[in-house]
Amino acid sequence: MNIFPKSIDAMEQALSASTLKQRVHSANIANVDTPNYKSKKVDFQAALDTAMNKQKLSSYKTDNRHLSFSNESSIGTTRVLTNNSTQYSNNGNNVDMDVEMAELAKNQLWYNAVTERVNGKLNSLSSVINGGR
Amino acid sequence: MSLFSGFNISASGLTANRLRMDVVSANIANANTNRAELVDGEWMPYRRKTVELSQSGSSPFANQLQSAIHRGDTAVTGVKVSEIKEDQTPFTLRYDPEHPDAGEDGYVRSSNVDPLKEMVDLMSATRSYEANVTALNASKSMFMKALEIGK
């Protein structure tokens, strides 16, 4: 018997993906003046899908063009993607500060929301343990 | 603890931009320095210095190691100052035969610092510093929120 609800697992995954996202945006902001730096982003939706679906069998991919197993959602693990397609400044850098700041704020709110929900789950659990007292 | 490494990334950005500000300050302070270094018994004016940034841990080996550990994840690292370079643009010349540093032709060589460039660099460094502070504060508040789990 598992006393912790399954959704806590999913939320834990969401929190760690959000932490990774925070790191990636911090790195983009730190490298805003680095010549030839290309901005990175986390494939967040894929991470969330993985956490929600909890598929049994995932294929190990060494290249992102590899095909997935049929019962697997199209993308497996959390990935950090590099955006090589744009260039904003003359030194080859493509960090868009406005986007980075907006993503940072969004990520922070998302993280707070998920922590709030984890707390809610734990509170209802403790309410059950105490017999509703 | 990966949140703490986010702190380190922002801190590297703060350090790098602080150094950029220091170098700009040194350039402005030395804008009129005629005797900065002695080369072959002759005084040379101050040369403008510039900071070169690069992604930290960007050596090919470190990259390969990171991607091997994280199954193809691109390495997420901060920034580092790779070099402080000297600007090789020619010195400015000013006609002043009475000056003790004047050459045979009566021209005084003075430093190649352009205050306009320095101010632009200073503003850019300040803004980047502020952005890193914002990122650091965001990481900090997330960490504080995580500590509240289960309370």
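Sequence positions are assigned chain by chain, starting from 1 and proceeding in written order. Chains carry letters from A onward and ligands carry numbers from 1 onward, assigned in written order. In keeping with the model being predicted, local features are shown solely for residues with a pLDDT of at least 70 and side-chain atom pairs are shown and tallied solely at 80 or more, while totals for entire chains, interfaces and linings include all residues. The side-chain figures draw on all heavy atoms in the structure; neither hydrogens nor water molecules are used.

**Q** Which parts of the structure should I look at to understand the pattern of salt bridges?
**A** Any two side chains of opposite charge can pair, so long as their charged atoms come close to each other. What counts as a salt bridge is simple: a side-chain nitrogen of Lys or Arg found within 4 Å of a carboxyl oxygen of Asp or Glu. Counted according to the given criterion, the structure contains 14 salt bridges over all chains. The partner of A:E116 in a salt bridge is B:K145, with the nearest N and O atoms 3.3 Å apart. A residue pair is termed interchain when its members come from two chains, as with A:E116 in helix α3 (residues 97–129) and B:K145 in helix α3 (residues 115–147). In this scheme, a residue with accessible area under 20% of its type's maximum is buried, one over 50% is exposed, and one in between is partly exposed, where area comes from a 1.4 Å probe on protein chains only. Judged by relative accessible area, which is 44%, A:E116 ranks as partly exposed. Counting from the N terminus, the helices are DSSP H or I runs at least four residues long and the strands are E runs at least two residues long.

**Q** Teacher, can you tell me more about the environment of A:Q22 here?
**A** Residues and elements named next belong to chain A. In this fold, Q22 is placed in helix α1 (residues 6–30). The class for Q22 is buried, based on a relative accessible area of 0%. With 12 residues separating them in the primary sequence, Q22 and A10 have C-alpha atoms 18 Å apart.

**Q** Could you clarify how one ought to interpret the packing of aromatic side chains in this entry?
**A** Given two aromatic rings, one states the distance between the centres and the angle between the planes to describe the pair. Residue and element names in this part refer to chain B. Ring pairs are drawn from Phe, Tyr and Trp, using the six-membered ring of Trp, whenever the two centres fall within 6.5 Å, and their geometry is named by plane angle: stacked under 30 degrees, edge-to-face over 60, tilted for the rest. The full count for this structure, using the stated rule, is two aromatic pairs over all chains. For the pair F7 and F143, a centre-to-centre distance of 6.2 Å together with 65 degrees between the ring planes defines the contact as edge-to-face. With F7 in helix α1 (residues 2–29) and F143 in helix α3, the pair connects residues that are 136 residues apart, well separated along the chain. Across the pair, F143 and F7 agree in class, each one buried. Aromatic side chains Y95 and Y107 sit 5.2 Å apart centroid to centroid with 65 degrees between the ring planes, which places their arrangement in the edge-to-face category. Of this pair, Y95 sits in strand β5 (residues 92–95) while Y107 sits in strand β6 (residues 107–110), placing them 12 residues apart in sequence. By relative accessible area, Y95 is classed as exposed at 55%.

**Q** Mind showing me how you'd approach the UniProt feature "domain: Flagellar basal body rod protein N-terminal" (unreviewed entry) in chain A here?
**A** UniProt positions are given in the numbering used here, feature names are shortened, and annotations may be inferred rather than shown by experiment. When the UniProt feature table is mapped onto this chain numbering, "domain: Flagellar basal body rod protein N-terminal" (unreviewed entry) sits at residues 12–38 of chain A. End C-alpha to end C-alpha, residues 12–38 of chain A measures 29 Å, and it is 70% helix and 0% strand.

**Q** What am I meant to see in the packing of α1(A) against α3(B) here?
**A** Describing two packed helices takes the angle between their axes plus the distance from one axis to the other. For helices, the fitted axis covers only the stretch in contact; all axes are lines through C-alpha atoms, and the angles between them, taken along N-to-C directions, range from 0 to 180 degrees. Between α1(A) and α3(B), the least distance of the axes is 9 Å, while the angle of their chain directions is 165 degrees. Considering their axes alone, α1(A) and α3(B) lie roughly antiparallel with respect to each other. In the crossing of α1(A) with α3(B), the sense of the turn from one axis to the other is left-handed. Residue-level inspection shows A:S18, A:Q22, A:S26, A:I29 and A:A30 of α1(A) in contact with α3(B), the latter providing B:A131, B:N132, B:A135, B:A138, B:S139 and B:M142. Gly counts as polar in this scheme, as do all residues outside two lists: the nonpolar Ala, Val, Leu, Ile, Met, Phe, Trp, Tyr, Cys and Pro, and the charged Asp, Glu, Lys and Arg. Broken down by class, the residue content of the contact of α1(A) with α3(B) amounts to six nonpolar, five polar and no charged. Throughout this description, any angle smaller than 35 degrees is read as roughly parallel, any larger than 145 degrees as roughly antiparallel, any in the 65 to 115 degree range as roughly perpendicular, and the remainder as oblique. When the near helix sits turned anticlockwise from the far one by under a right angle, the crossing is termed left-handed; a clockwise turn instead gives a right-handed crossing. Any two residues whose heavy atoms approach within 4.5 Å are treated as being in contact.

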